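Report on the structure
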Amino acid sequence: MIAASPPQHSRGRSLPLAEAAPRAAARTVRISLTDRCDLACLYCRPSRSDGYLEKRLDDNAWHTMARALVQSGVRRVRITGGEPLLHPRVVERVAFIASLGVEDLALTTNATRLLALARPLRVAGLHRITVSVDSLVAERFERITRGGQLAAVLDGVDAAREAGFAEVKSNTVVLRGENDDELADIVAWACARGVVPRFIELMRVGEGARLPAEALVGASEMRQRLAHLLADEAGVPDPDRGPARYVPLRSDPKLRVGFITGSTDTFCASCDRLRVASDGVLRPCLATNDGVPAMSLARSGDVNGIVGAIADAWALKPAGDTWKGCTESSAADVSMRAIGG
Ligand code: SAM
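Residues numbered from 1 in each chain as written. Predicted model: local features only at pLDDT ≥ 70, side-chain atom pairs only at ≥ 80, totals over all residues. Heavy atoms only, no water.

Some points on the sheet that holds strand β12 (residues 292-293)
The sheet built from twelve strands is open, its strands ordered β7-β8-β9-β6-β5-β4-β3-β2-β1-β10-β11-β12 with mixed pairing. Sheet topology places β7 (236-237) and β12 at the edges, where each strand pairs with a single neighbour. Bridging between strand β2 (residues 76-81) and strand β3 (residues 104-109) involves four bridges; their strand directions are parallel. The residue of β3 that forms the bridge with R78 is A106. Each of β1 (28-34), β2 and β3 touches helix α2 (residues 90-99); the most contacted strand, β3, lies at about 155° to it. Of the strands in this sheet, β10 (273-276), β11 (281-283) and β12 touch helix α9 (residues 303-315), which is tilted by about 120° from β10. (Pairing = 2+ DSSP bridges. Helix = DSSP H or I, 4+ residues; strand = E, 2+ residues; numbered from the N terminus. Contact = heavy atoms within 4.5 Å. Axes fitted to C-alpha atoms, helices over the stretch in contact; angles between N-to-C directions.)

Rendered as structure tokens:
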């Protein structure tokens, strides 16, 4: 096995690994196309000049990686970053994954470049798209993202709606004192456009761990604030679609609001997710810097070697019944932007 290069990634620490029956293999993967981002959200990175990884997978290495993931049983792919739309060949990479015949192909973006790319991405075979929208007030949006222009993002959302994706969702990280008074406005904005709004608890991952504890607004408080809009029901997850739980609107049960509770709850027991960082490190858990580097295997075109590395990375996955995900102290050392959040 290849030695990792600290401090970005390490492997084989004393995590509570699964002892008895090993977990089923990875079925879902989040692939970070790039660790570059044109924004610096308050909860994600300290500034726009916090340093990038030196190397990333070139086209051939990336194709090898994608083939190996599918060969090892991955069926659902989410492209992320950094900001994936900054990658010069994001459309070609989406088309390549689509050509491998995965069940689900989605992408998460800040949408600063989505106006021009929504249609090409749809044509390339992208099924679903999620856009980060932390405020609908331009000055707040600019402050939370450290410079983002809300108008460009909203144009990008409209372009995505018109491009014909199977689903367009929004992600809002709720921060007390920044945007926690906007939840109902965001629900109204999203539902009027056929966008599924989702509210994310601030997680103590990386920069999120350096914000004051009071910044966290738990999902139960979010739900109280939206009680006049939401049905009085427990949320239910979409099968095979990650940890969000969805609650229908009172006014129209076909419209739903999602909540992601990475801080007041954990979802490690059902996690079937592997991450691939832009430098080819295979990462089994968002809450640790453990990983298995696979850049040189990818560069040498060794699909079977990467399949083995994927199994090695999967064996490092913490035991889901005891591990507490993003509430573990190791999460504070993880960069969401670098790992592909
Ligand atoms: N640049 C893309 C974007 O803005 O959506 C993709 C990468 S971003 C790291 C992926 C998601 O992670 C976003 O929805 C972002 O809001 C979320 N995120 C980042 N740091 C977080 C934190 N500390 N707590 C909760 N969510 C976080």
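Considerations on the pattern of salt bridges
In this structure the tally under the stated criterion is 24 salt bridges. Among the ionic pairs, R45 bridges to D50, the shortest N-O distance being 2.8 Å. A relative accessible area of 2% means that R45 is categorised as buried. With its nearest N and O atoms 3.7 Å apart, the salt bridge here joins K169 to E167. Each member of the salt-bridge network shares a partner with another, and the members are D104, R128, E167, K169, D238, R241 and R256. (Salt bridge = Lys/Arg side-chain N within 4 Å of Asp/Glu carboxyl O. Buried < 20%, exposed > 50% of the residue type's maximum accessible area, 1.4 Å probe, protein only.)

As for unusual backbone geometry
Most peptide bonds take the trans configuration, and most residues that are not glycine carry a negative phi. For A111, which is not glycine, the phi torsion reads 75° and is therefore positive. Among the structural elements, A111 can be located in the loop between β3 and α3 (114-124). Notably, D240 is not glycine yet its phi reads approximately 60°, a positive angle. Tracing the backbone through its elements, the reader meets D240 in the loop between β7 and β8 (245-248). Using a relative accessible area of 52% as the deciding quantity, one classes D240 as exposed.

Observations regarding the confidence of the model for the protein
Residues at a pLDDT of 70 or more form 93% of the protein, whose mean pLDDT is 92. Here residues 1-14 is a poorly scored stretch, pLDDT under 50, and it has 34 contacts once near neighbours within four places are set aside; other chains count. (pLDDT = per-residue confidence, 0-100.)

Brief notes about the site of the ligand
The local shell around the ligand holds 20 residues, among which G82, E83, T108, S132 and M203 are the closest. One nitrogen or oxygen atom from the side chain of E83 is found 2.9 Å from a nitrogen atom belonging to the ligand. Interatomic distance of 3.5 Å between a backbone N/O atom of T109 and an oxygen atom of the ligand. Contact with the protein chains removes 94% of the 550 Å² of surface that the ligand exposes when unbound. (Near = heavy atom within 4 Å. Polar contact = N/O pair within 3.5 Å; in protein donor to acceptor, adjacent residues only side chain to side chain. Areas by Shrake-Rupley, 256 points an atom, 1.4 Å probe, with all protein chains shown as cover.)

What to know about α2
Turning to α2, its buried residues are V90, R93, V94, F96 and I97. Projected onto a plane normal to the axis of α2, the buried residues spread over an arc of 160° and lie on a single side. Close packing links the buried residues of α2 with β1, α1 (59-71), β2, β3 and α3. Of the residues flanking the end of α2, it is G101, one or two places downstream, whose phi is positive at about 80°. (Arc of directions from axis to C-beta.)

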